[in-house]
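Chain and residue survey
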Amino acid sequence: RYFRLDKPSGPGAARNLGVQKARGKYLAYLDDDDVYYPHHLETLVDLLNESRSQFGYTNMAIVRGSLEQGRFKPGRTGEVWDIPFDRGTMVTRSFMGTNTVLHEKKILKEVGLFSEKLRPGEDEELWIRCAVRYEFKHISRYTSEYRRKDDNSVKVHLLDCAFNGMLYLKYYDFSCGQIPFNKYFLAHNAHSLYAEIKNHYPDIFKTSAVLREVVQIAKRLKDKDFQKKLMNDCLRIDNENSLGRFS
């Protein structure tokens, strides 16, 4: 099936439309100038089935070349991205191409869609949100090509990429770093530290992943009023970021 946006709106909007129209269990992504190898989807589906995971990715070969009469003319094959999953690495550098990914559609109900404001970097920002909740599975086999032309936006917008990278790092610090921090509070000095969390709650950066951890603390300490407030805030954040109804 083919769907067209009413006006050019960037890669985030295009992918979001595809996500909402998709009917299957899994989602995969392919930009129109990149290439899947014949075994690409089969490799990823087998990986997820065998590992019982929700998110997987393969390696990607970067092929440099140029456009001649509307066709891509390969020059040389550059590096192959072959890096195991690591949350710390993914917020400091790119190592997972969008066309290498396969994941269950349902996980976007929890983490939300692609950002339509980030250009470039909307894909990496979504993967970070996914990584807060899910363990990624990697298979060391390259099954696709990322074709980099002489006028590629990654080359033209290096400053944008660097700036977005700083944003991802800050997002990871807040969304993922506070979860083990709160668990440490609960395990060691729950009552006094919990009071501190409540005092600073109006001013802290809120994501549903962090709030759900605090809900467990409030539940354990039988603080029903604060637990209710946390759950309401979780629902509000999830509604703002959710897909709405799937077709």
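The structure displayed is predicted, hence computed values, not measured ones. (Residues numbered from 1 in each chain as written. Predicted model: local features only at pLDDT ≥ 70, side-chain atom pairs only at ≥ 80, totals over all residues. Heavy atoms only, no water.)

Looking now at the pattern of salt bridges. Here the structure, examined in full by the defined rule, presents seven salt bridges. Between D31 and R15 there is a salt bridge whose closest N-O contact spans 3.0 Å. Of this pair, D31 sits in the loop between β1 (26-28) and β2 (35-36) while R15 sits in helix α1 (residues 10-21), and the two are 16 residues apart along the sequence. Residue R129 is joined to E125 by a salt bridge in which the shortest nitrogen-to-oxygen separation is 2.8 Å. With a gap of four residues between them, R129 and E125 both fall in helix α5 (residues 122-133), about one helical turn apart. Take R129: its relative accessible area is 11%, and that puts it in the buried class. The exposure class assigned to E125 is buried, which follows from its relative accessible area of 13%. One salt-bridge network, in which partners are shared between bridges, spans R15, D31 and E122. (Salt bridge = Lys/Arg side-chain N within 4 Å of Asp/Glu carboxyl O. Helix = DSSP H or I, 4+ residues; strand = E, 2+ residues; numbered from the N terminus. Buried < 20%, exposed > 50% of the residue type's maximum accessible area, 1.4 Å probe, protein only.)

Within the protein chain, residue pLDDT values average 78, and 75% of them lie at 70 or more. Here helix α6 (residues 153-156) is the element of the protein chain with the lowest mean pLDDT, 44, and β1 is the one with the highest, 97. Throughout residues 152-158 the model reports pLDDT below 50, and contacts reaching past four residues in sequence, or to other chains, amount to six contacts. Contacts from residues 243-247, a stretch scored under 50 in pLDDT, to residues over four places away or in other chains number 11 contacts. (pLDDT = per-residue confidence, 0-100. Contact = heavy atoms within 4.5 Å.)

A separate point is unusual backbone geometry. If you check the backbone angles, R52 has positive phi at about 55° while not being a glycine. In this fold, R52 is placed in the loop between α2 (40-51) and β3 (55-68). Residue class for R52 comes out exposed when judged on its relative accessible area of 76%. A positive phi is found at K222, a non-glycine position, where the angle reads about 60°. Note on placement: K222 falls in the loop between α10 (208-220) and α11 (224-241). Here K222 falls in the exposed class, since its relative accessible area comes to 71%.

A word on the pairing of β3. Within β3, 10 of the 14 residues are buried, which leaves it mostly tucked inside the rest of the structure. Sheet analysis places β3 next to strand β5 (residues 101-104), joined by three bridges and oriented antiparallel. Note that in β5 the partner of F55 across the bridge is H103. (Pairing = 2+ DSSP bridges.)

Another point: the nonpolar core. M90, M96, L108, W127 and F136 are the most contacted members of the largest nonpolar core, which has 24 residues in total. Elements that contribute at least two residues to this core include exactly β3, α4 (108-111) and α5. Sort the elements by how many residues they give to this core and α5 lands first, with five residues. If we skip the residues at most four places from it in the chain, W127 touches Y29, F55, M90, M96, T98, V101, H103, F114 and F136. The next biggest cluster of nonpolar side chains, apart from the first, holds 12 residues, and it includes I197, V215, F226 and L230. (Core = buried A, V, L, I, M, F, W, Y, C linked by side-chain atoms within 4.5 Å.)

Turning our eyes to something else, we now look at the side chain of K105. Looking at the element boundaries, K105 is found in the loop between β5 and α4. For the buried residue K105, which engages in no salt bridge, the nearest side chain bearing the opposite charge is E104, 12 Å off. Of the polar contacts made by the side chain of K105, one reaches the backbone oxygen of A22; its length is 2.4 Å. (Lys, Arg positive; Asp, Glu negative; His and termini not counted. Polar contact = N/O pair within 3.5 Å; in protein donor to acceptor, adjacent residues only side chain to side chain.)

What follows is about the packing of aromatic side chains. The final tally for this structure, using the stated rule, is seven aromatic pairs. Both rings, one in F55 and one in W127, keep their centres 5.5 Å apart while their planes meet at 75°; by these two values the pair is edge-to-face. Taken together, the residues F55 in strand β3 and W127 in helix α5 connect sequence positions 72 residues apart. In terms of burial, F55 and W127 fall into one category: buried. Joined through ring pairs, the aromatic side chains of Y29, F55, F85, F114, W127 and F136 make up one cluster. The aromatic ring of F114 is capped on one face by R15, whose charged end is 5.6 Å from the ring centroid. (Phe/Tyr/Trp six-rings, centres within 6.5 Å; stacked < 30°, edge-to-face > 60°. Lys NZ or Arg CZ within 6 Å of the ring centre and 35° of its normal.)

As a general feature of sheets, a regular strand has side chains that alternate between the two faces. Neither face of β5 is exposed, since V101 and H103 on one face and L102 and E104 on the opposite face are all buried. Summarising the sheet, β1 and β5 pair through three bridges and their orientation is antiparallel. Its bridge partner lying in β5, A28 is registered against L102.

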